[in-house]
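Chains, contacts and geometry: an overview
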Amino acid sequence: ITPIDYSIAESWASIPTTLDKDVDLFYAYPTIYFDSDPQNMDINNKINRQNVIDKMNSQMGLYSPYANIYTPFYQQMYRDGFNDLPAEEATALLNTAYEDIANAFKYYMDNYNNGRPFILMGHSQGAGILVDLLRKEFDDNNNMDKMIAAYTTGVSIMPQDTIDYPWIKIAKSATDLGVVITYNTLDYQHNESSSFQTGTLCVNPILWTTDTSYAPNTENLGAVWTGNDGEITDEIDEFTDCYIREDGALAVTIPNPDNYYDPDRQPYGAYHDYDQIFFYRNLQKNIEDRIEAYFNEK
């Protein structure tokens, strides 16, 4: 597989034309590629490229008010590779995706960043790759000093990670810096999801704590659904409660799993596709709060 040349504009789904924010966002998109031939996504395929841009646009309203968005195309592994392939084959495909993101991030830091603080953001496969980037590239103080936070939702980060990689710190408040925000949303009665491993670390996206305290839906600032152009299609205030279960899942009790079940995507009761949607306005406010805290501290 040919490495991607990130010095050319076509290798990026988003490079800002004007830098009108003091903060950058480096974004790794979730799994949008379902074909198995090739097993790593062809980034020159027009349909794949458009699917990446659509997914980016649907998620970027969270961040675009506050950050300059950098999104590299990367050769992600096809969706069913996680289940269909022997572990070593899947790992090889994921390594291709990782190398792309690692090379893109290095190119971004060397050529685009210019000393600005940044946020890492990914969901699902993109989040997993960014967690790997944190493991391998962020023991360097320069990277960590500039990182406001990493929002890596829909992936499991185990306690051993924070021992093996002590610079990986899980958020414990709404304004701590250089931290990772992670959670997997599930119905309170269910425990199967594509990304959830029992014992994972978890941050409550309403309370910004890691204990089992209950967050009522009255503190949920709003769930937001968006179209592929990023325009809001639906918004519901006080949408759902949440709390962190003993097994590390972020449990919600208000949504009806019947309304969100797609057997082609997730097990019944798994809200993996809604990790950001259900807590959209709380996430958005938190980004603003952490950016403010960063500049107050510097």
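So, here's what we can say about the structure. The structure displayed is predicted, hence computed values, not measured ones. (Residues numbered from 1 in each chain as written. Predicted model: local features only at pLDDT ≥ 70, side-chain atom pairs only at ≥ 80, totals over all residues. Heavy atoms only, no water.)

1. Remarks on the overall build of the protein chain
When helices and strands are tallied, the protein chain shows seven helices and eleven strands. Along the first, second and third principal axes, the C-alpha atoms of the protein chain reach 50 × 45 × 40 Å. For the protein chain, buried positions account for 54% of its 298 residues. Considering only contacts in the protein chain between residues 6 or more positions apart, those separated by 24 or more positions represent 74%. Accessible surface, the protein chain as shown: approximately 13000 Å² in total, 45% of it carbon and sulfur. (Helix = DSSP H or I, 4+ residues; strand = E, 2+ residues; numbered from the N terminus. Buried < 20%, exposed > 50% of the residue type's maximum accessible area, 1.4 Å probe, protein only. Contact = heavy atoms within 4.5 Å. Areas by Shrake-Rupley, 256 points an atom, 1.4 Å probe, with all protein chains shown as cover.)

2. As for the sheet that holds strand S10 (residues 243-244)
Strand order in this open sheet of three strands is S7-S11-S10, and the pairing throughout is mixed. Edge strands, defined here as strands with exactly one partner in the open sheet, are strand S7 (185-187) and S10. Sheet topology places S10 next to strand S11 (residues 250-252); two bridges connect them, and they run antiparallel. Each bridged residue has a counterpart across the sheet, and for Ile244 the counterpart in S11 is Leu250. (Pairing = 2+ DSSP bridges.)

3. Some words on the sheet that holds strand S1 (residues 12-14)
Sheet architecture is open: six strands sit in the order S1-S3-S2-S4-S5-S6, paired in mixed fashion. Both edges of this open sheet fall to S1 and strand S6 (179-181), since each of them pairs with a single strand only. Each adjacent strand pair in this sheet contributes to an overall mean axis angle of 20°, direction not counted. In the sheet, strand S2 (residues 24-28) pairs with strand S4 (residues 118-123) via five bridges, with the strands oriented parallel. Along S4, the bridge assignment pairs Phe26 with Leu120. With respect to the sheet, helix H1 (residues 46-60) is in contact with S1, S2, strand S3 (68-72) and S4, its orientation differing from that of S2 by roughly 130°. Here helix H3 (residues 87-111) sits on the sheet in contact with S1, S2, S3 and S4, set at roughly 165° to S2. (Axes fitted to C-alpha atoms, helices over the stretch in contact; angles between N-to-C directions.)

4. Brief notes about the side chain of Ser14
Note that Ser14 resides in strand S1. Within polar-contact distance, the side chain of Ser14 engages the backbone oxygen of Ile69 at 2.8 Å. Aside from chain neighbours lying at most four places away, what touches Ser14 is Met56, Ile69, Tyr70 and Thr71. (Polar contact = N/O pair within 3.5 Å; in protein donor to acceptor, adjacent residues only side chain to side chain.)

5. Focus: the nonpolar core
The biggest cluster of nonpolar side chains holds 88 residues, and the ones touching the most others in it are Phe26 and Leu120. It is H3 that contributes the most residues to this core, ten residues altogether. Setting aside chain neighbours within four positions, we find Phe26 in contact with Trp12, Tyr70, Pro72, Ile101, Ala104, Phe105, Tyr108, Ile119, Leu120, Met121 and Leu130. (Core = buried A, V, L, I, M, F, W, Y, C linked by side-chain atoms within 4.5 Å.)

6. Remarks on helix H7 (residues 280-297)
Compared with the 26 Å implied by 1.5 Å per residue over 18 residues, the 26 Å span of H7 between its first and last C-alpha is a close match. Within the span of H7, buried status applies to Tyr280, Arg281, Asn282, Leu283, Gln284, Asn286, Ile287, Arg290, Ile291, Ala293 and Tyr294. Those residues of H7 that are buried are in contact with S4, helix H5 (141-146), strand S5 (147-153), S6, strand S8 (223-226) and strand S9 (232-236). (Expected span 1.5 Å × (residues − 1).)

7. Quick look at the packing of aromatic side chains
If you walk through the whole model with that rule in mind, you get 27 aromatic pairs. Aromatic pair Tyr6 and Trp12: ring centres 5.6 Å apart, planes at 70°, arrangement edge-to-face. The class for Tyr6 is buried, based on a relative accessible area of 3%. Measuring from ring centre to ring centre gives 5.6 Å for Tyr107 and Tyr112, while their planes differ by 75°; the resulting arrangement is edge-to-face. The ring of Trp208 has Arg290 lying over it, and the distance from NZ or CZ to the ring centre is 5.5 Å. (Phe/Tyr/Trp six-rings, centres within 6.5 Å; stacked < 30°, edge-to-face > 60°. Lys NZ or Arg CZ within 6 Å of the ring centre and 35° of its normal.)

8. A look at a negative patch on the surface
Together, Glu99, Glu137, Asp139, Asp140 and Asp145 make up a negatively charged patch on the protein surface. Residue position: Glu137 is located in helix H4 (residues 125-137). Taking relative accessible area as the criterion, Glu137 reaches 37% and is therefore assigned partly exposed. (Patch = residues over 30% accessible without salt bridge, like charges linked within 9 Å, V, L, I, M, F, W, Y side chains within 5 Å. Salt bridge = Lys/Arg side-chain N within 4 Å of Asp/Glu carboxyl O. Lys, Arg positive; Asp, Glu negative; His and termini not counted. Charge placed at Lys NZ, Arg CZ, Asp CG, Glu CD.)

9. Description of the pattern of salt bridges
Under the defined criterion, the tally for this structure stands at eleven salt bridges. As a salt-bridge pair, Arg265 and Asp273 come within 2.6 Å of each other at their nearest N and O atoms. Residue Arg265 is classed as partly exposed on the basis of its relative accessible area, which comes to 35%.

10. What to know about the pairing of S2
Side-chain positions along a regular strand alternate between the two faces of the sheet. Taking burial as the measure, the five residues of S2 include five buried ones, the bulk of the element. In S2, alternate side chains face the same way, and those of Asp24, Phe26 and Ala28 on one face and Leu25 and Tyr27 on the other are all buried. Where S2 lies against S3, three bridges are found, and the strand directions are parallel. Opposite Asp24, over in S3, you have Asn68 as the bridge partner. As a crossover connection, the stretch from S2 through H1 into S3 is right-handed. (Right-handed = clockwise from strand over helix to strand, strands pointing away.)

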